[in-house]
Protein chains: 2
Amino acid sequence: MEIIKPEEGEILDIELEEDFLKRNKKLAEENRVLLEKHKVRAIDVMGSIGSGKTSLIGLLSSFLSKIFKIGIIAGDLTTDIDAKRLEGEEIKVVQINTGKECHLDANLVKKALQNLELDKIDLIFIENVGNLICPAEFPLGAHKRIVVVSVTEGPWMVVKHPYIFEEADVVVINKVDLSEAMGVSPGKLAKDVEKINPKAKTIPVSCRKKEGIEEVIKALNL
Amino acid sequence: MEIIKPEEGEILDIELEEDFLKRNKKLAEENRVLLEKHKVRAIDVMGSIGSGKTSLIGLLSSFLSKIFKIGIIAGDLTTDIDAKRLEGEEIKVVQINTGKECHLDANLVKKALQNLELDKIDLIFIENVGNLICPAEFPLGAHKRIVVVSVTEGPWMVVKHPYIFEEADVVVINKVDLSEAMGVSPGKLAKDVEKINPKAKTIPVSCRKKEGIEEVIKALNL
């Protein structure tokens, strides 16, 4: 079998990306300064489409809203389905529609932060665009990063996406109630994470059965 | 709820993308000319990670290898798991590892085509990187595009990704054997596709049960 690994310049849009990454990093640092000035903690939640990011943020928010005032920034290409699911009396949501863009970036989050009253908020969840590749390279200024994978995505999910797991503080393995039906072992996925990033805390979760949520909160060490 | 839709220039890496898209389009046209010169048909298979692209290509190939000589180009960030699953005595596979890049582009496919003996091949399946966003904008020179979604990815899969479905000739709704367990209706997903792209043919499939494969072949109209 031939294996092609492109050399520098062979991927069409990678050459100029370094500049964007530098600009993004600087803006992410500015976001962090702004958040800390207002004593707000922010958590970037990444994962594929359908992995359960919105359900997880919903459960974490309803649990944590007893202690913290919560804001949510929801990224999506064109819809506000997730934002509508998450909005509540106590919870302020800002939707970012990225159009064709496959990840949030620090500039868009900066704009969203301007739409939240930061003095009235303690904790922000940022739901990234559903994608396990592109968001890895774009820090947003958040204090922690959660990656959500679900057993329904199959057994190769972690090993195929090393970069995003390198960046994770907490990895949620979701839909563990379906692991037998799917023939996918949460334990094996956790071992795959450990090989890539031994510091990440991996938590089995079933958002549908509301199991594992307290463990995620402990792992976040807020 | 606030909804932010970025204006031109506000997304960090979108400004220069137009140039890449133009270069890609030109290279895709060159790939198409090369394929037609050698009387080879090519099919670009797109879909999320875990949606079942590799299983589908495996089933289509083993069915069609009775009639056609088949080649496969498999895109993946870093692994060759899929390529190894697909390789067979009769089937030549070229792996492209894109590194951190989230889609195949026409330049990488051009390079892969140079590694296939086109005179000895009738039909090429190109397995794109697992991602429902970025590949939409990068035609590769293929004659047809299949998008694979599975019911395990949840009910919002299609409506959240209009761009990729606009580009599809055939949409495979996979894992329909799990639709009851998941509470996701294949019929609803098919209607969502129809609203975005009335010309696309939508086929319910279970790769695990080998159901729907002949219907996909008919829909491809090879």
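Residues numbered from 1 in each chain as written. Chains lettered and ligands numbered in written order. Predicted model: local features only at pLDDT ≥ 70, side-chain atom pairs only at ≥ 80, totals over all residues. Heavy atoms only, no water.

Another aspect to go through is the pattern of salt bridges. Residue and element names in this part refer to chain A. Under the defined criterion, the tally for this structure stands at 21 salt bridges over all chains. Between glutamate 30 and lysine 26 there is a salt bridge; the shortest N-O distance is 3.1 Å. Placement of the pair is glutamate 30 and lysine 26 together in helix α1 (residues 17–37), with a separation of four residues, close to one helical turn. Glutamate 30 sits in the partly exposed class, given a relative accessible area of 36%. (Salt bridge = Lys/Arg side-chain N within 4 Å of Asp/Glu carboxyl O. Helix = DSSP H or I, 4+ residues; strand = E, 2+ residues; numbered from the N terminus. Buried < 20%, exposed > 50% of the residue type's maximum accessible area, 1.4 Å probe, protein only.)

The next subject is the packing of helix α2 (residues 53–64) of chain B against helix α8 (residues 213–220) of chain B. Residue and element names in this part refer to chain B. Between α2 and α8, whose axes approach to 10 Å, the crossing angle comes to 80°. Comparing the axis directions of α2 and α8 gives the class roughly perpendicular. Every residue of α8 that contacts α2 at Leu56, Leu59, Leu60, Phe63 and Leu64 is listed here: Ile213, Glu214, Val216 and Ile217. Considering only residue class, the contact of α2 with α8 consists of eight nonpolar, no polar and one charged. (Axes fitted to C-alpha atoms, helices over the stretch in contact; angles between N-to-C directions. Parallel < 35°, antiparallel > 145°, perpendicular 65-115°, else oblique. Contact = heavy atoms within 4.5 Å. Nonpolar A, V, L, I, M, F, W, Y, C, P; charged D, E, K, R; others polar.)

Now for the confidence of the model for chain A. Taken over all residues, the pLDDT of chain A has a mean of 90, while the share at 70 or more is 92%. With pTM at 0.82, the complex prediction returns an ipTM value of 0.70. (pLDDT = per-residue confidence, 0-100.)

Moving on to the environment of glycine 52 of chain A. Residues and elements named next belong to chain A. Note on placement: glycine 52 falls in the loop between β2 (41–47) and α2 (53–64). Glycine 52 sits in the buried class, given a relative accessible area of 13%. With 160 residues separating them in the primary sequence, glycine 52 and glycine 212 have C-alpha atoms 13 Å apart. When near neighbours in sequence (up to four residues on either side) are disregarded, glycine 52 contacts Val148, Asn174 and Cys207.

The next point concerns the side chain of serine 206 of chain B. All names here are of chain B. Along the chain, the position of serine 206 falls in the loop between β8 (201–204) and α8. Polar side-chain contacts of serine 206 include one of 3.0 Å to the side chain of aspartate 177. Within the structure, the side chain of serine 206 is placed 3.0 Å from the backbone nitrogen of lysine 209, a separation counted as a polar contact. Serine 206 has contacts with Asn174, Lys175, Val176, Asp177 and Glu211, leaving out every residue within four places of it along the chain. (Polar contact = N/O pair within 3.5 Å; in protein donor to acceptor, adjacent residues only side chain to side chain.)

Another aspect to go through is the nonpolar core. If you look at the biggest cluster of nonpolar residues, it comprises 46 residues, and the most contacted ones within it are Ile73, Ile124 and Ile126 of chain A together with Ile73, Ile124 and Ile126 of chain B. Broken down by secondary-structure element, the contributors of at least two residues to this core are β4 (92–97), α4 (106–114) and β5 (123–127) of chain A together with β4 (92–97), α4 (106–114) and β5 (123–127) of chain B. By size, the runner-up hydrophobic cluster in this structure holds 40 residues, among which are Ala168 and Ile173 of chain A together with Val147 and Val149 of chain B. (Core = buried A, V, L, I, M, F, W, Y, C linked by side-chain atoms within 4.5 Å.)

A few words on α4 of chain B. Residue and element names in this part refer to chain B. When we look at burial in α4, the residues that qualify are Ala106, Leu108, Val109, Ala112 and Leu113. In an axial view of α4, the angular spread of the buried residues amounts to 155°, which keeps them on one side of the axis. Among the residues of α4, the N-terminal cap falls to aspartate 105, whose side-chain oxygen and the backbone nitrogen of asparagine 107 are separated by 3.0 Å. (Arc of directions from axis to C-beta.)

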